[in-house]
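# What the coordinates show
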Amino acid sequence: MGVVRFLDLSRQIAALRQEIDRATHSVLDSARFTGGEHVECFEHAFAEWCGARHAVGVASGTDALALALRALGVGDGDEVVTGANTCIPTVAAIEQTGATPVLADVDSDTWTVDPASVDAACTPRTKAVVPVHLYGQCADMRTISGVARDRGLVVVEDAAQAHGASYGGYRAGTLGDAAAFSFYPTKNLGALGDAGAVVTNCEETARKVRMLANYGESERYLSVVPGGTNSRLDNLQAAVLREKLVQIDRWTQRRRELAAHYRESLAECSVHLPLEAPLREHVWHLFVVLVPDRATFRARLAQAGIETLVHYPRAVHKHPAYRHLGTDRLTVSERLSEQVVSLPLYPELSDQEADRVIQAVLEAAG
Ligand SMILES: *Cc1c(COP(=O)(O)O)cnc(C)c1O
């Protein structure tokens, strides 16, 4: 028996090889590498799939978040609140705008940002909140929107892990003023390199993101906003993403099927299982469980040939670069960072492999 890999992207590439070859050939034939037909078509298709009016392709999820915040007026002197249980790019993107990130704690049931903690973290300088739809599940958007409305904040969803996830029947990308998506290769919708998009219903925001991402230009060689940058989605990545977008609903369905199988089969064992909260449809970017003794648990799984990863081994303020963001309100985030383990879950994982994961978890956890 071989190893059950945490993720094996070669399976997805093999299954879609013809479509990907066709896509790359069409870009080579057109010799159009930035902008172009594929970028426009993908932007339209992705916006429509999210149920939103606009999508603007950019170079990465980090850029998408920074550009969305900047387009909504966030900059020097502002504060932006986000959860402490996230990966660094969320915070790095906030810093890129000139604003100061402020950390809130996460909810102990859903592990997404706790609206009460967001409220407590606000000051008169708070301009925006960035709820992260962590692991593939939307944050508590109704309550967060309420806090944002009361305090006059803009809401930018970090939807890098949540393509197609929904809250109250509405998909990520439509739940705030704008949303940032990543198409990093391992995300639920992944390119062949870095790529991202800003999704919004607001035409003005989309227009501003487009200008900021292209040297501040409103038309070629006419720059109308300062501080522009170069953050484009390549035609090649867009061509591949168009092909993959056709498949994503089927992939998500398979992720949900595997997650349901794990949850049912592991219901009686001692690991703490992830929750799919009311109103929310989880897309299982990651299947994360909590265990009290992570090192032993992971060693036992490794012995059984099961690869696991940790998302994330430290809360944001436990990184050397971000110690100054620490407060005494971040206790749930800190506890999670000590106990989280991600099990293999991706659309091409076979039923047999899933059963091996379950068997190994049952034996490791007792
Ligand atoms: C991947 C990810 C990002 C950053 O996306 P990149 O495309 O890698 O820049 C931001 N936030 C979260 C939650 C992510 O998972």
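The following paragraphs examine the structure supplied in this document. (Residues numbered from 1 in each chain as written. Predicted model: local features only at pLDDT ≥ 70, side-chain atom pairs only at ≥ 80, totals over all residues. Heavy atoms only, no water.)

Turning our attention to the state of the cysteines. Going through the model one piece at a time under the given rule, you end up with zero disulfides. Free of any disulfide, Cys202 has its nearest neighbouring cysteine sulfur in Cys50, separated by 16 Å. Residue class for Cys202 comes out partly exposed when judged on its relative accessible area of 32%. (Disulfide = S-S within 2.5 Å. Buried < 20%, exposed > 50% of the residue type's maximum accessible area, 1.4 Å probe, protein only.)

Moving on to unusual backbone geometry. With an omega of 15°, the peptide bond between His311 and Tyr312 qualifies as cis. Summarising the element assignment, Tyr312 is placed in the loop between helix H11 (294–303) and helix H12 (331–339). Located in the positive-phi region is Tyr215, a residue other than glycine, with phi close to 55°. Its location among the elements puts Tyr215 in the loop between helix H8 (203–212) and strand E10 (217–219). Its identity is not glycine, yet Leu279 carries a phi of approximately 75°, on the positive side. Assignment of secondary structure puts Leu279 in the loop between helix H10 (248–265) and strand E12 (280–281). (Helix = DSSP H or I, 4+ residues; strand = E, 2+ residues; numbered from the N terminus.)

All right, on to the pattern of salt bridges then. Pairing is possible between side chains that carry opposite charge, provided their charged atoms lie close to one another. Applying the stated criterion across every chain, the model contains 13 salt bridges. Of the charged contacts in the structure, one is a salt bridge between Glu276 and Arg256, with a shortest N-O distance of 2.7 Å. Placement of Glu276 in the loop between H10 and E12 and of Arg256 in helix H10 is noted, with a sequence separation of 20 residues between them. Through salt bridges with shared partners, a single network forms among Asp8, Arg11 and Glu353. (Salt bridge = Lys/Arg side-chain N within 4 Å of Asp/Glu carboxyl O.)

Moving on, we come to the packing of aromatic side chains. A complete count under the given rule lists eight aromatic pairs for this structure. With centroids separated by 5.5 Å and ring planes inclined at 20°, the aromatic side chains of Phe42 and Phe46 adopt a geometry described as stacked. Here the residue Phe42 and the residue Phe46 both occupy positions in helix H3 (residues 37–50), the gap between them amounting to four residues, near one helical turn. Judged on exposure class, the residue Phe42 and its partner Phe46 are both buried. Here Tyr262 and Phe287 contribute two aromatic rings whose centre-to-centre distance is 5.1 Å and whose plane-to-plane angle is 70°, an arrangement assigned as edge-to-face. Of this pair, Tyr262 sits in helix H10 while Phe287 sits in strand E13 (residues 287–290), placing them 25 residues apart in sequence. Residue class for Tyr262 comes out buried when judged on its relative accessible area of 0%. (Phe/Tyr/Trp six-rings, centres within 6.5 Å; stacked < 30°, edge-to-face > 60°.)

By secondary structure assignment, the location of Thr174 is in the loop between strand E7 (170–171) and strand E8 (178–182). In terms of polar contacts, Thr174 uses its side chain to reach the backbone carbonyl oxygen of Arg171, at 2.6 Å. In this view, Thr174 contacts Cys50, Gly51, Ala52, Glu157 and Asn201; residues no more than four positions away in its chain are not counted. (Polar contact = N/O pair within 3.5 Å; in protein donor to acceptor, adjacent residues only side chain to side chain. Contact = heavy atoms within 4.5 Å.)

What follows covers the site of the ligand. Looking at the ligand, the residues that line it are Ser60, Gly61, Thr62, Cys87, Pro89, Thr90, Val132, Asp158, Ala160, Gln161, Ser182 and Lys187. At a separation of 2.8 Å, a nitrogen atom of the ligand approaches a polar side-chain atom of Asp158. With respect to the ligand, the side chain of Lys187 contributes an N or O atom lying 2.9 Å from an oxygen atom. Starting from 380 Å² of accessible surface for the ligand in isolation, the protein chains cover 90%. Of all the elements in the fold, those that place two or more residues in the shell around the ligand are helix H4 (61–71) and helix H5 (88–96). Residues belonging to the shell around the ligand are distributed by class as follows: four nonpolar, six polar and two charged. (Near = heavy atom within 4 Å. Areas by Shrake-Rupley, 256 points an atom, 1.4 Å probe, with all protein chains shown as cover. Nonpolar A, V, L, I, M, F, W, Y, C, P; charged D, E, K, R; others polar.)

Right, let's get into the sheet that holds strand E2 (residues 79–83). The strands that make up a sheet are held in pairs by hydrogen bonds between backbone atoms, and each pair lies either parallel or antiparallel. Overall, mixed pairing links the seven strands, which are arranged E1-E9-E8-E5-E4-E2-E3 in an open sheet. The open sheet terminates on both sides in strands that have one partner only, identified here as strand E1 (54–58) and strand E3 (100–104). Strand-to-strand, the axes of this sheet are offset by a mean angle of 25°, without reference to chain direction. Across the sheet, H3 is in contact with E1, E8 and strand E9 (196–200); its angle to E1 comes to roughly 130°. Those strands touched by H4 are E1, E2, strand E4 (126–130), strand E5 (154–158), E8 and E9, and its axis lies near 165° from that of E8. (Pairing = 2+ DSSP bridges. Axes fitted to C-alpha atoms, helices over the stretch in contact; angles between N-to-C directions.)

Bringing the packing of H4 against H5 into the picture now. It is at 8 Å that the axes of H4 and H5 come closest, and there the two elements cross at 40°. As far as their axial angle goes, H5 and H4 are oblique. Here H4 and H5 pass one another in a crossing that is right-handed. Between H4, through Thr62, Asp63, Leu65, Ala66 and Leu69, and H5, the contact on the second element is made entirely by Pro89, Thr90, Ala93, Ile94 and Gln96. (Parallel < 35°, antiparallel > 145°, perpendicular 65-115°, else oblique. Left-handed = near helix turned anticlockwise from the far one by under 90°.)

Of the two faces of E13, the one holding Phe287 and Val289 and the one holding Val288 and Leu290 are both buried throughout. Direction of pairing for E13 relative to strand E14 (residues 340–343): antiparallel, over a ladder of four bridges. Pairing of Val288 across the sheet is with Ser342, part of E14.

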